[in-house]
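Breakdown of the fold
Below are the chains, spelled out letter by letter.
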Amino acid sequence: MLSIEECRRLLGSPRLSDAEVAEIRDTLQAFAATLVDGFVEKHAGAHRTPAEERSQKP
Amino acid sequence: MQSVPAEAHAHPAMPQNAVSILRVSTKKQLNEGEGIENQRRGNAEYIRRRDYRLVREFVIAESADGPAREDFESALAQVVANKAEINVVVFWKVDRISRGGVLPYYTVKGVLAKHGIRVEFATEQIDGSASGELMETLLAGMARFENRLRVERTIGVEKILTKAGYWCRGAPTGFRNARSDGKPILLPTEDAGQWELLRAGLRKQLSGAFTLAGVAEEMRGSGLRTCRGNPLGKQTWINICRAPVYGGLLRGEWTDGAFVRARFDGPLTPEQWTALQQVLDGKKRVGAPVPRQQVHPDFPLRRFLLCPGCGRTARGYFSVGRSGRAFGYYDCKEPACGFRVNSADAHEAFVELLRRVRPAGPLLALFRELVLGAWEAKLRELAARRSAGRESAGGLEEEKARLLTLMKRNAEKPGILEELEQDFERVEGELSLARLGDGREEFEKYDREKVVDECVAAILGVVELWQTWPVDAKIRIQRLVFPQGIDYEAVVGNRTPQLSLLYAAIPGSLTATSNMAPPTCSVSNFWLIEELIRWYETLRYLPGRMPSEPAA
C-alpha cells in the first residue's frame with residue numbers, strides 16, 4: 001500500500017492532514033479493489049450464476 | 001484404561017483386591033515425561049508392600065479441577081459396579097483424586113466408602129487417627145492451593161505478555177504460533193495461499209459493498225480453512241472480522257479491555273481493522289438504500305431537485321392535458337413558490353451539468369496507482385485460490401457427477417429432483433469459484449494499463465451511466481455527485497452547485513459557471529466514493545450493466 005507521503009505527493013495537496021490523506025487512500029483503495037474484482041469476474045465469466053451458465057450449455 | 005500385566009496377578013496369598021488409578025492432567029502428558037510411569041511404579045510398590053492383589057489399572061488423562069470429569073467418573077463407576085471384587089483403590093497422591101479442594105475429595109472418598117471400598121495413597125500415609133484426618137484435610141486443601149497458585153502465576157505472566165503485545169494462546173485461523181526473542185508471537189500460516197485469501201476476504205469486507213454471508217461463502221468456496229482445517233462457516237467468518245488480532249491488535253480481559261498493538265502484523269492494518277468495525281456496525285455509511293417513494297423511471301430527479309424558492313425537494317408527476325396526452329413535470333408542493341418545470345427540460349439540463357463533473361486529476365493519479373496495487377494483489381489472490389481450488393475441485397467434480405446420476409434416476413420425481421437441482425447449483429457455484437484461479441495465466445497476459453483504464457472509465461463515465469442505467473442507479477449517481485440534492489437554479493447554471501468535500505478538498509473537478517463561492521457541505525468527506533462503491537456493486541451483477549458496458 002502506498003505511504004501517506006506518497007499519496008500526498010500524488011494528490012498534490014500538502015494542506016491535507018495525515019488522517020485525511022489516509023482516509024482518501026483507504027477509500028480509494030477499497031474502490032480500486034472492488035473495480036478490479038469486477039474486471040476479473042467479468043472477464044472470467046464468473047459473474048454469471050450457475051443457473052445462467054447451465055442454461056447456456058447445449 | 002489399560003490391562004494389568006499378567007505377572008501382577010501372580011500372588012495367590014493376597015487376601016485383598018486393589019485397583020490402581022493413575023491420572024495426569026492432559027493427553028500430552030501420557031506420552032511425555034515420567035508422570036504415568038512414576039505413578040505406576042509407586043502404586044505397584046505400595047500394593048506389593050501391602051500384599052494386595054492388583055485386579056485392574058485405570059489410566060486417566062483429565063484435569064482434576066474441571067466441572068466435567070468423564071473419564072474419572074467412568075472409572076469410579078466401574079469400580080463401584082465391581083465392588084464385590086474390590087477392597088481398595090490406590091492413588092499415588094491425594095492430588096490425583098482432585099485439585100478442587102476438600103469437598104470434591106471427600107465426596108469421592110464418601111462414594112467409595114458407601115460401597116465398602118477404601119481409598120489409600122502410595123506416597124502419603126493417612127490413617128484414621130486425629131492427626132491422620134488433619135493431614136488428609138490439609139493435603140486435599142494443599143492440592144487446590146497449589147493448583148490455584150499455578151493458575152494465578154500463569155495468568156499473571158500471560159497478562160504481562162499480552163499487555164506487551166505478545167500472543168499466549170493457540171494460533172487462530174490464518175496464523176501459526178512462533179517465538180520472537182523467546183516470547184510468543186503469531187506469524188502468517190506457512191500456507192501463503194491461505195494468508196492471501198484471508199487478507200483478500202477481509203479487504204473485500206472492508207469495502208462495505210459485500211455482506212458477511214456473501215464473503216464467507218466466497219471464502220469457503222475459495223478453499224479458506226479454519227485453524228482446525230475445517231471449511232469456513234459464516235459465524236467463523238464473523239468472528240474473524242471482529243477479532244482485533246486480524247488488525248494487528250490485542251484486546252480482551254488480559255488487556256483490561258484496552259487495545260494493545262501486537263508485536264506482529266495482521267492481514268489488515270490497525271486503521272483498516274477499525275474501519276472494518278465501523279462498516280460492520282453500520283457507522284460508516286456505505287450508501288443508504290434508495291427510498292421507495294423516490295423511485296420512478298420517468299422522474300429520477302424526484303425528491304432530489306430542490307425548489308429554488310423554499311429549498312424543499314421537488315415532486316415529479318405526469319399531468320394529462322385536454323388532448324389526453326401526459327406531460328411530465330417537477331414542482332414544489334408549496335404553490336406560493338411557483339416552481340414548476342418540464343421534466344424533459346430538467347433532465348436535459350442535468351445531463352449537461354453532469355458532463356462537467358470530473359474527478360480531479362490528482363485524485364485520478366492516486367487512483368491509478370492504487371488500481372495497479374489492487375491488480376497485483378488480485379493476481380496473488382488468484383494464485384492462492386488456484387492452489388486451494390485444485391484440492392477442492394476434484395471432490396466437487398465427483399459430487400457433481402454423483403448428483404447428475406441421482407437427477408437422472410429421479411427424473412420422474414419432481415420433489416426429489418428439485419432438491420437435487422438446488423444441490424447441483426450449489427456445487428456448480430463452488431466449482432466455478434474453485435476454478436476461478438485457473439485463469440491466472442490468462443489474467444497475467446492482460447496489459448496492466450488496460451485494467452487501469454477500464455477501472456478509471458468507471459469513475460469518469462458518470463454522465464453516460466446516468467443516461468443509460470436504471471432509475472435506482474441514476475438516483476445513486478445523483479446522490480454520489482450531489483449528496484445534498486441540487487437547486488434547480490444550479491442545474492441550469494445560474495448558481496454554483498453544492499459539492500461534496502472531496503471535490504472541495506481537491507479543487508478543479510468541476511468548472512462552475514458562476515463566480516459565487518460554493519456553500520459549505522456538512523456530509524462526510526468521502527461519502528462520495530463509498531456511495532460509488534455501493535452502486536457499482538449493485539449494478540455490476542446486472543447482466544450487461546458493467547460500467548464499461550453500458551446498457552444499450
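Just so we're clear, the structure is a prediction, and the values are computed from it rather than from any experiment. (Residues numbered from 1 in each chain as written. Chains lettered and ligands numbered in written order. Predicted model: local features only at pLDDT ≥ 70, side-chain atom pairs only at ≥ 80, totals over all residues. Heavy atoms only, no water.)

What about the packing of aromatic side chains?
All names here are of chain B. Convention followed: Two aromatic rings from Phe, Tyr or Trp, using only the six-membered ring of Trp, form a pair when their centres are within 6.5 Å; if the ring planes differ by under 30 degrees the pair is stacked, by over 60 it is edge-to-face, and anything between is tilted. A run of H or I in DSSP becomes a helix once it reaches four residues, and a run of E becomes a strand once it reaches two; helices and strands are each numbered from the N terminus. Only protein chains enter the calculation, and the probe is 1.4 Å; a residue is then buried if its accessible area is under 20% of its type maximum, exposed if over 50%, and partly exposed in between.
Evaluation of the coordinates by the stated rule reveals 15 aromatic pairs over all chains. On the numbers, 5.3 Å between centres and 70 degrees between planes, the contact of Phe-175 with Trp-195 is edge-to-face. Placement of Phe-175 in strand β5 (residues 175–180) and of Trp-195 in helix α6 (residues 192–206) is noted, with a sequence separation of 20 residues between them. For the pair shown, Phe-175 and Trp-195 are each scored as buried.

A word on the side chain of B:Asn410
One can find B:Asn410 in the loop between α11 (361–409) and α12 (414–436). Judged by its relative accessible area of 11%, B:Asn410 is buried.

Observations regarding the nonpolar core
Rule in force here: Buried residues of nine kinds, namely Ala, Val, Leu, Ile, Met, Phe, Trp, Tyr and Cys, make up a nonpolar core once their side-chain atoms join them within 4.5 Å. Contact between two residues is taken to exist if any of their heavy atoms lie within 4.5 Å; hydrogens are not considered.
Core analysis: the biggest nonpolar cluster contains 33 residues, and B:Leu366, B:Phe367 and B:Trp375 have the highest contact counts within it. For this core, the secondary structure elements donating two or more residues are α1 (4–11) and α2 (18–44) of chain A together with α11 and α14 (448–460) of chain B. Looking at this core, the element that brings in the most residues is α11(B), giving eleven residues. Setting aside residues no more than four positions away along its own chain, B:Leu366 makes contact with A:Leu2, A:Cys7, A:Leu10, A:Leu11, A:Ile24 and A:Leu28. Judged by nonpolar contacts, the second largest core, of 32 residues, contains B:Tyr166, B:Val215, B:Leu224 and B:Leu268.

Regarding unusual backbone geometry
All names here are of chain B. Even without being glycine, Asp-51 reaches a positive phi, approximately 60 degrees. Looking at the element boundaries, Asp-51 is found in the loop between α2 (35–49) and β2 (52–61). Phi at Arg-303 is positive, roughly 60 degrees, even though this residue is not glycine. Note that Arg-303 resides in the loop between α9 (270–281) and β9 (305–306).

Things to note about helix α8 (residues 234–242) of chain B
The condition that has to hold: What the arc covers is the set of directions going from the helix axis to the C-beta atoms.
Considered for burial, the residues of α8(B) that qualify are B:Trp237, B:Ile240 and B:Cys241. Each buried residue of α8(B) lies within a common arc of 95 degrees when the element is viewed along its axis, so the set occupies one face.

Description of a negative patch on the surface
Residue and element names in this part refer to chain B. Applied cut-off: What makes a patch is a set of residues exposed beyond 30% relative accessible area and free of salt bridges, joined within 9 Å when like-charged and within 5 Å when nonpolar (Val, Leu, Ile, Met, Phe, Trp, Tyr). Residue exposure ignores everything except the shown protein chains as possible cover, and the areas themselves are Shrake-Rupley values with a 1.4 Å probe. Any carboxyl oxygen of Asp or Glu within 4 Å of a side-chain nitrogen of Lys or Arg constitutes a salt bridge here. For the charge count, each Lys or Arg is scored as positive and each Asp or Glu as negative, with His and the chain ends excluded. Note on charges: their place is set at NZ of Lys, CZ of Arg, CG of Asp or CD of Glu.
On the surface, a cluster of negative charge is made up of Glu-418, Glu-419, Glu-421 and Asp-423. Mapped onto the elements, Glu-421 comes out in helix α12. For Glu-421, a relative accessible area of 33% gives the class partly exposed.

Some details on the sheet that holds strand β12 (residues 340–342) of chain B
All names here are of chain B. Counted only if it meets this: Strand pairing follows a simple DSSP-based rule, namely that at least 2 bridges must link the two strands. Lines are fitted to the C-alpha atoms to define the axes, a helix being fitted only along its stretch in contact, and any angle between axes, read from their N-to-C directions, falls within 0 to 180 degrees.
Judged by pairing direction, the sheet is antiparallel, and its three strands sit side by side in the order β10-β11-β12 without closing on themselves. In the strand order of this sheet, the two ends are held by β10 (315–320) and β12, each with one partner. On average, adjacent strands in this sheet sit at an angle of 35 degrees to one another, irrespective of strand direction. Packing of helix α10 (residues 343–355) onto the sheet brings it into contact with β11 (326–331) and β12, and relative to β12 it is tilted by some 75 degrees.

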